[in-house]
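# Topology and contacts: notes
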Amino acid sequence: MPRDHRPARSIRVLLAEDQQMMRGALALLLGMEPDIQVVAQVAAGDVIVDAVLTHRPDVALLDIELPGMSGLDAAAELRDQAPDCRVLILTTFGRPGYLRRAMDAGAAGFLVKDGPVEELAASIRRVLTGETVIDPALAAAALSAGPSPLTGRECDVLRASTDGATVADIADRLHLSESTVRNYLSSAIGKTGTRNRMEAVRAARQQGWL
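The text that follows walks through the structure, step by step, so that each part is easy to find.

Cut-offs and rules
In this numbering scheme, every chain counts its residues from 1 along its sequence in written order. Totals for whole chains, interfaces and linings use all residues, but because this is a predicted model, local features are given only for residues with pLDDT of at least 70 and pairs of side-chain atoms are given and counted only at 80 or more. Note that water and hydrogens are dropped before the side-chain values are worked out from all heavy atoms of the structure. Whether a residue is buried, partly exposed or exposed follows from its accessible area with a 1.4 Å probe, protein chains only, as a fraction of its type maximum: under 20%, in between, or over 50%, in that order. Strands are runs of DSSP state E lasting at least 2 residues, helices are runs of H or I lasting at least 4, and numbering of each runs from the N terminus. To be clear, the arc concerns the directions from the helix axis to the C-beta atoms. For this analysis, residues touch if any pair of their heavy atoms sits within 4.5 Å. For two strands to be treated as a pair, DSSP must find at least two bridges joining them. To get an axis, fit a line to the C-alpha atoms, keeping to the stretch in contact for a helix; angles then go from 0 to 180 degrees between the N-to-C directions. Any angle between 65 and 115 degrees counts as roughly perpendicular, while under 35 counts as roughly parallel, over 145 as roughly antiparallel, and the rest as oblique. Only Asp, Glu, Lys and Arg are considered charged in this grouping, and only Ala, Val, Leu, Ile, Met, Phe, Trp, Tyr, Cys and Pro are considered nonpolar; every other residue, Gly among them, is considered polar. We define a salt bridge as a side-chain nitrogen of Lys or Arg found within 4 Å of a carboxyl oxygen belonging to Asp or Glu. Definition of nonpolar core: a set of buried residues of the types Ala, Val, Leu, Ile, Met, Phe, Trp, Tyr and Cys, connected through side-chain atoms within 4.5 Å.

What follows covers helix α2 (residues 48-55). Since the α-helix packs 3.6 residues into each turn, any two residues three or four apart lie on the same face. Restricting attention to buried positions, one finds in α2 the residues Ile-48, Val-49, Ala-51 and Val-52. Along the long axis of α2, the arc covered by the buried residues comes to 165°, so they all point the same way. For α2, the exposed residues set more than 90 degrees away from the buried face come down to Asp-50 and Thr-54. Elements that come into contact with the buried residues of α2 comprise β1 (11-16), β2 (36-42), β3 (59-62) and α3 (71-81). Once α2 finishes, Arg-56 follows within two positions and takes phi at roughly 50°, a positive value.

The structure is reproduced here in structure tokens:
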């Protein structure tokens, strides 16, 4: 349908996706819907809030793994700074831990990218009416997986380990003692059932806990 045949009040959508081709394709496909208008596109998480405050979309469609800030962290900030904007997480990684974190951050929906665009458009309309939209298979997996066993500090220490940092580096970065860092690492390794911190990081990421 031509753009000048759109309803007088289209649903305004912001897209946050770091892969340019994917972002462009989503914008093009959603723009073909008669009642949806993509008003902003961003490639990094740390510009999402400013873009939302500038363009005032009805729905923010966010990827999770973005440079600068994750889509989950951005969702939490939007909950406080732009509560009228509904957040829909769209990700390649359908991990149970991500779903729980998204709901904790105030997201109204969580979908994986392999679905048809018609389903995505329908989900955008549904979250705008106040519904919560969650991929059914992922919802079932999240229920069976249970909550993350890791504390917030254990997650912080694991995240700080991802670039090969030493215990001293992590301690300095997080303003902790080296013995405290070792204790958190040991606890996280035990909870993830792994042999070392890099395996613990990998296991936690696979579950969506980080």
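Once the structure has been displayed, the description carries forward.
Quick look at the sheet that holds β2 now. Strands sit in the order β2-β1-β3-β4-β5-β6 across an open sheet of six strands; the sheet is parallel. Of all the strands in the sheet, just β2 and β6 (133-134) have a single pairing partner and so form its edges. Each of β1, β2, β3 and β4 (86-91) touches helix α1 (residues 20-31); the most contacted strand, β2, lies at about 165° to it. Strands in contact with helix α5 (residues 117-128) are β1, β2, β3, β4, β5 (109-112) and β6; relative to β4, the strand with the most contacts, it is inclined by about 155°.

Moving on, we come to the packing of α1 against α5. Where α1 contacts α5, the axes come no closer than 10 Å and their chain directions differ by 70°. What the angle tells us is that α1 and α5 run roughly perpendicular. For the pair α1 and α5, the contacting residues are Leu-26, Leu-29 and Leu-30 in the first and Val-117, Leu-120, Ala-121 and Ile-124 in the second. In terms of residue class, the contact of α1 with α5 is built from seven nonpolar, no polar and no charged.

We now examine the pairing of β5. Of the two faces of β5, both are covered, the one formed by Gly-109 and Leu-111 as well as the one formed by Phe-110 and Val-112. One ladder, built from four bridges, connects β4 with β5; its direction is parallel. Within β5, the position partnered with Leu-90 by the bridge is Leu-111.

A word on the pattern of salt bridges. Evaluation of the coordinates by the stated rule reveals 11 salt bridges. Among the ionic pairs, Arg-126 bridges to Glu-131, the shortest N-O distance being 3.1 Å. A relative accessible area of 36% means that Arg-126 is categorised as partly exposed. A residue is classified by how much of its surface remains accessible, and Glu-131, at 35% relative accessible area, is partly exposed. Here Asp-156 and Arg-159 are joined by a salt bridge, their closest N and O atoms 3.4 Å apart. Of this pair, Asp-156 and Arg-159 both sit in helix α7 (residues 152-160), three residues apart, which is roughly one turn of that helix. A cluster of three or more residues bridged by salt bridges with shared partners is formed by Glu-17, Asp-63 and Lys-113.

As a further point, take the nonpolar core. The biggest cluster of nonpolar side chains holds 28 residues, and the ones touching the most others in it are Leu-14, Ile-48, Val-52, Leu-62, Leu-78 and Ile-89. Elements supplying a minimum of two residues to this core: β1, β2, α2, β3, α3, β4 and α4 (96-104). With residues near it in sequence (within four places) discarded, Val-52 still touches Leu-14, Pro-57, Ala-60, Leu-78, Ala-82 and Cys-85.

Right, let's talk about α3 for a bit. When we look at burial in α3, the residues that qualify are Gly-71, Leu-72, Ala-74, Ala-75 and Leu-78. With its buried residues spanning 155° around the axis, α3 presents them on a single face. Buried-residue contacts for α3 involve α2, β3, β4 and α4.

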